[in-house]
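So you can see what is in the structure, the chains are spelled out below.
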Amino acid sequence: MNARAALFDLYGDHLRTRHGRASVAALVRLLAPLDIAAPAVRTAISRMVRQGWLDPVRLPQGPGYAVTPKCERRLDETAARVYRAGAADWRGRWHVLVLEPVRDRARRERIRADLAFLGYAPLTEGTWIGPWASPELDALRLPAHRFDAALEGDPRELVAQAWDLDGIAGAYEDWLAGAVDLVGSLRGDSPDHQIFAVRSRLVHGWRNFLFRDPGLPAQLLPPGWPGDKARAYFEQEAARLLPAAAAFVDRNLDGGS
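What counts and how
- Residues numbered from 1 in each chain as written.
- Predicted model: local features only at pLDDT ≥ 70, side-chain atom pairs only at ≥ 80, totals over all residues.
- Heavy atoms only, no water.
- Helix = DSSP H or I, 4+ residues; strand = E, 2+ residues; numbered from the N terminus.
- Rg over C-alpha atoms; globule rule 2.2 N^0.38 Å.
- Buried < 20%, exposed > 50% of the residue type's maximum accessible area, 1.4 Å probe, protein only.
- Contact = heavy atoms within 4.5 Å.
- Areas by Shrake-Rupley, 256 points an atom, 1.4 Å probe, with all protein chains shown as cover.
- Pairing = 2+ DSSP bridges.
- Axes fitted to C-alpha atoms, helices over the stretch in contact; angles between N-to-C directions.
- Core = buried A, V, L, I, M, F, W, Y, C linked by side-chain atoms within 4.5 Å.

J.: A description of the overall build of the chain should follow, citing residues and the corresponding values.
T.: Looking only at helices and strands, the chain has 10 helices and seven strands in total. In terms of overall dimensions, the chain is globule-like: its C-alpha atoms have a radius of gyration of 20 Å, near the 18 Å expected for 257 residues. Considering only C-alpha atoms, the chain reaches an extent of 60 × 40 × 30 Å along its principal axes. Across the 257 residues that make up the chain, the buried fraction comes to 47%. Put simply, 75% of the contacts in the chain that link residues at least 6 apart link residues at least 24 apart. With the model as given, the accessible surface of the chain reaches about 13500 Å², and the carbon-plus-sulfur share is 52%.

See below:
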C-alpha cells in the first residue's frame, strides 16, 4: 500500500465522518502502523493538494489538511459501493456514453481510468456502457453524448463482451484466501494499532475491486458468484475490527503517541 492510497483509505474510512480533516502530525502517526514513513506521507499530501483532493487548513493541533468538495464526492461514492449503501435496483436498461475524440493521450487515459472506476466498460474506443448512470459522472465534465438505452438481445452476452467476469471471479477467490490469512494473523490480545493496520489492509484490498468490478446487478452475474462470499467475509470482519481500529484513530487525532 503506497502513501497516497493509504491516505485516501484513511480519509474515506475514518476521517470523512470526523469532519474530514486532520493535522499532519496525526496523519503521520496514523500511517505509521502501515510502515509508511513521514516523508512519504508528506510527499503524498503535496501530490493530493496539487490534484485537488486536499486543502491545507490550520487546526488547533497545528498545520493540517481537509478534504475538498471534489474529494468528498469521491469518498461518498466509494463508501456507497464498498459498503453497498443505497444500492439501486436495475431497470433492465443501460447507460451509454459516446465520447467525442480526445487528442491528448494523458487526458484519454484519465478518462478511461475514471470511467472504469465508476463502473463503465468500453464496447469500442469511444463507446462505454454501465448498468446505470453514476451520480459522480457530472463532476468529470466529459465530452460525451449520453443515452438511456434498452438492449435488443441477451444482456449476459453483452456483459461477457464488456467485462472479464472470469478474471474478476478469480480475483475475488484470491482476495478471500489472502484476507482469511491476514485476519488470522491477529491474536485475541492484539493491540489496537495492529488491528487498525490489519483492517486498513483488508479495506484497501477490497477497495481495489472498485477498479475491476463494476457492481453488476445480480441477474447479470453467473450462479455462485464468488464476489458474494467475498463480500460477506469483508463486511463481517470489517465490522468486527472497526471498534478497535476507530479507538486507535480517535486516540491519535487527540494527540496521543
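J.: Tell me about the sheet that holds strand β1 (residues 21-23), residues and numbers included.
T.: Read across the open sheet, the three strands follow the order β1-β3-β2; overall the sheet is antiparallel. Taken across any chain shown, the strands that pair with only one partner, and hence form the sheet edges, are β1 and β2 (54-59). On average, each strand axis in the sheet is tilted by 30° relative to the strand beside it, whichever way the strands run. Summarising the sheet, β1 and strand β3 (residues 62-67) pair through three bridges and their orientation is antiparallel. Residue S23 lies in a different strand from β3, and its bridge partner there is G64.

J.: Describe in detail the nonpolar core, supporting the description with residues and values.
T.: Formed by 43 residues in total, the largest nonpolar core has its most connected members in W94, L115, W163, L165, W175, W206 and F234. Contributions of two or more residues to this core are made by β4 (94-99), α5 (105-117), β6 (127-130), α7 (155-162), α8 (165-184), α9 (192-207) and α10 (226-253). With nine residues, α8 is the single largest residue contributor to this core. Once residues lying within four places of it in the same chain are set aside, the contact partners of W175 are L202, G205, W206, F209, A230, Y233 and F234. In terms of nonpolar packing, the next biggest core, distinct from the first, is built from 32 residues, A6, L15, A26 and A245 among them.

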